[in-house]
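Structure at a glance
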Amino acid sequence: MALFSDVCRSVRTLLGQCQRSTAAAAWIHCQSSWKYSQTAPEPEPVISDNEAINKTFVNRNPRNLEQMALAVKDRGWATVWPCRQYYHRLVFRRTQHHITAEVYSSDFIDPVLSCSTKEWALKRELGSTRSVAACRAVGEVLAQRCHEAGITRIVYREVPWKFRSESNQIFWTAMKEGGIMLSEQRRKFI
C-alpha cells in the first residue's frame, strides 16, 4: 500500500509538473506572439538633396498671380481713354485696305500678339482683306494664337458706335467661339 501511495504521489507530481509546463509554454507562446503583434517602429526618414526645400522661393511663372486675379493692375486716371486697368487689352482696327487685331500687355507699349490681313498666309486664303469674312478669319487666328501663348482672358472695349458694326460683331463672336473670354475677372484684394 505504501508503494501504491508513493506511485500515486509521483504520478500526481508528474501530472502537476506537466500541467505547469504546458501553462508556462502557453504563456511563453502568448508572450512571443504578443511581441510579434506589436507595430514596428517607424524608420527614420531619409532626406535627400532633391527633396530639400530652399528658403527663398522664386516664382518662375510671372503670370501666375495674374491668372489668380491677385496681380496689381495699373489704375491710371479716371479720365484716361482707354482705361489702363487690364492685364491684356485687345485692339481691333479696320483701315481702307486691311484689318488688324493686336493684344497689348499693360507692361509694354508694343503688342504681345497680333494678327492682320497683311500677313501673306492669311491674305492668300481670303477673297478680300477688308470683308466681314476677313474679320472672322482674323478673330479665329488671333484666338488660336492667344491659346498658344496662354492668354485666355482679354479686355475688349470698343466705342459703342464702332462696336455695333457687323464686322466688329463677327470678330467678337469668332474670338468667343475660339475660347477667349473678352473680359477679365475682378481683381481680388487680399
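Here the structure is a predicted model, which means the values were calculated and not measured.

Description of the pairing of strand 2 (residues 99–105)
Counted residue by residue, strand 2 has 7 buried out of 7 residues, so it is predominantly covered. Neither face of strand 2 is open: one carries Ile99, Ala101, Val103 and Ser105, the other Thr100, Glu102 and Tyr104, and all of them are buried. Pairing analysis gives 7 bridges linking strand 1 (residues 88–94) to strand 2, with the strands arranged antiparallel. From the neighbouring strand, Arg93 faces strand 2, where its bridge partner is Thr100. Following strand 1, the chain reverses through 4 residues before pairing antiparallel with strand 2. In this antiparallel pair of consecutive strands, strand 2 and strand 3 (residues 111–116), the connection spans 5 residues.

Overview of the environment of Ala149
Mapped onto the secondary structure, Ala149 falls in helix 4 (residues 132–149). Using a relative accessible area of 40% as the deciding quantity, one classes Ala149 as partly exposed.

Quick look at the environment of His88
Relative to the elements of secondary structure, His88 occurs in strand 1. By relative accessible area, His88 is classed as buried at 5%. For the pair His88 and Thr152, spaced 64 residues apart in sequence, the C-alpha to C-alpha distance is 9.7 Å.

Things to note about the pattern of salt bridges
According to the stated counting rule, one finds 5 salt bridges in the structure shown. Between Glu119 and Arg145 there is a salt bridge; the shortest N-O distance is 2.8 Å. With Glu119 in the loop between strand 3 and helix 3 (120–123) and Arg145 in helix 4, this residue pair connects regions lying 26 residues apart in the sequence. The class for Glu119 is partly exposed, based on a relative accessible area of 25%. Each of Arg136, Glu140 and Glu177 takes part in a single network of salt bridges with overlapping partners.

What about the pairing of strand 3?
The pairing of strand 2 with strand 3 spans 5 bridges and is classified as antiparallel. Looking at strand 3, one finds that Ala101 is bridged to Cys115.

Quick notes on helix 4
Taking 1.5 Å per residue, 18 residues should reach 26 Å; helix 4 reaches 26 Å between its end C-alpha atoms and fits that length. For helix 4, every residue scored as buried is listed here: Ala134, Cys135, Ala137, Val138, Gly139, Leu142, Ala143 and Cys146. On its buried side, helix 4 packs onto strand 1, strand 2, strand 3, helix 3 and helix 6 (166–177). Phi turns positive, to about 85°, at Gly150, one or two residues after helix 4.

Looking at the state of the cysteines
Within this structure, the stated rule accounts for 0 disulfides. In this model Cys115 remains outside any disulfide bridge; the closest cysteine sulfur is found in Cys146, 9.6 Å from its own. On the accessibility criterion, Cys115 (0% relative accessible area) is buried.

The rules behind the values
Residues numbered from 1 in each chain as written. Predicted model: local features only at pLDDT ≥ 70, side-chain atom pairs only at ≥ 80, totals over all residues. Heavy atoms only, no water. Buried < 20%, exposed > 50% of the residue type's maximum accessible area, 1.4 Å probe, protein only. Helix = DSSP H or I, 4+ residues; strand = E, 2+ residues; numbered from the N terminus. Pairing = 2+ DSSP bridges. Salt bridge = Lys/Arg side-chain N within 4 Å of Asp/Glu carboxyl O. Expected span 1.5 Å × (residues − 1). Contact = heavy atoms within 4.5 Å. Disulfide = S-S within 2.5 Å.

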